[in-house]
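Take a look at the letters that make up each chain.
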Amino acid sequence: EAANPSNYIGYLLHAKALNAHSVEPGTAQKLLNKAIALNDRDASAQYEMGVALDRMQLFAEAAKDLERAAALDPFDARPPQPPPR
């Protein structure tokens, strides 16, 4: 992110790492907002946003982002990951 702040990939990868470790969904959301602002056509950014919002129990918003991800890449069949218990 710091090396190339105009490229969405750094923000996306940082958010993916946070989501993978099930930590800091609010930080992941902020990073994904930046990534999506820079490239709103990346299905994985939309998917990760849906995962972060789901973990924050913002289900209606999560559904919108997951639906957007499916519309951008209908051949990606990843289901949303359930929150850790």
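A brief look at the structure comes next.

### Notes on the overall build of the chain
Part 1 of the argument: What the chain contains, in helices and strands, is four helices and zero strands.
Part 2 of the argument: Each helix and strand of the chain, ordered N terminal to C terminal, gives the series α-α-α-α.
Part 3 of the argument: Within the chain, the fraction of its 85 residues that count as buried is 33%.
Part 4 of the argument: Put simply, 53% of the contacts in the chain that link residues at least 6 apart link residues at least 24 apart.
Part 5 of the argument: Accessible surface, the chain: about 5,300 Å² in total, of which carbon and sulfur atoms supply 56%.

### Focus on the packing of helix 1 (residues 8-20) against helix 2 (residues 25-38)
Part 1 of the argument: For the pair helix 1 and helix 2, the least separation of the axes is 8 Å and the interaxial angle reads 150°. The angle between helix 1 and helix 2 places the two elements in the roughly antiparallel class. You can see that helix 1 and helix 2 cross each other, and the crossing is left-handed. In contact with Tyr 8, Tyr 11, Leu 12, His 14, Ala 15, Leu 18 and Asn 19 of helix 1, helix 2 contributes Thr 27, Ala 28, Leu 31, Leu 32, Lys 34, Ala 35 and Leu 38.
Part 2 of the argument: Residue classes in the contact of helix 1 with helix 2 are distributed as ten nonpolar, three polar and one charged.

### What to know about helix 4 (residues 59-72)
Part 1 of the argument: Taking 1.5 Å per residue, 14 residues should reach 20 Å; helix 4 reaches 20 Å between its end C-alpha atoms and fits that length.
Part 2 of the argument: Buried within helix 4 we find Ala 62, Asp 65 and Ala 69. One side of helix 4 holds all its buried residues, which, seen down the axis, span an arc of 65°. Exposed residues pointing more than 90 degrees away from the buried face of helix 4 are listed as Ala 60, Lys 64, Glu 67 and Ala 71.

### Observations concerning unusual backbone geometry
Part 1 of the argument: Positive phi is not limited to glycine here, since Glu 24 has a value of about 50°.
Part 2 of the argument: Residue placement: Glu 24 occurs in the loop between helix 1 and helix 2.
Part 3 of the argument: On the accessibility criterion, Glu 24 (45% relative accessible area) is partly exposed.
Part 4 of the argument: Phi angles above zero are rare outside glycine, and Gln 57 is one such case at about 60°.
Part 5 of the argument: Residue class for Gln 57 comes out exposed when judged on its relative accessible area of 59%.

### Remarks on the environment of Asp 40
Part 1 of the argument: Along the polypeptide, Asp 40 turns up in the loop between helix 2 and helix 3 (43-55).
Part 2 of the argument: Spatially, the C-alpha atom of Asp 40 lies 9.6 Å from that of Tyr 8, the residues being 32 residues apart in sequence.
Part 3 of the argument: With residues up to four places along the chain from it excluded, the contact list for Asp 40 reads Gln 46, Arg 68 and Leu 72.

Rules used throughout
Every chain is numbered on its own, with residues counted from 1 as its sequence reads. It should be noted that, the model being predicted, local features are given only for residues of pLDDT at least 70 and side-chain atom pairs only at 80 or more, the latter also being counted only at that level, while totals for whole chains, interfaces and linings use all residues. Excluding hydrogens and water, the side-chain figures rest on all heavy atoms present in the structure. The way it works is that DSSP assigns letters per residue, a run of H or I at least four long becomes a helix, a run of E at least two long becomes a strand, and they are numbered from the N terminus. Classification of residues uses two cut-offs on accessible area relative to the type maximum, computed with a 1.4 Å probe and protein chains only: under 20% is buried, over 50% is exposed, and between them is partly exposed. Note on definitions: a residue-residue contact is assigned when non-hydrogen atoms from the two residues lie within 4.5 Å. The method behind every accessible area is Shrake-Rupley, applied with a 1.4 Å probe, and residues are considered shielded solely by the protein chains displayed. Under this scheme, a helix contributes an axis fitted over its contacting stretch, all axes are lines through C-alpha atoms, and angles between N-to-C directions fall in the 0 to 180 degree range. Every angle not falling under 35 degrees, over 145, or within 65 to 115 is termed oblique; those three ranges are roughly parallel, roughly antiparallel and roughly perpendicular. The hand of a helix crossing depends on one turn: near helix anticlockwise from the far one by less than a right angle means left-handed, and clockwise means right-handed. Three categories are distinguished: nonpolar for Ala, Val, Leu, Ile, Met, Phe, Trp, Tyr, Cys and Pro, charged for Asp, Glu, Lys and Arg, and polar for the others, with Gly belonging to the last. Each residue after the first adds 1.5 Å to the expected span of a helix. In this description, the arc belongs to the directions extending from the helix axis to the C-beta atoms.

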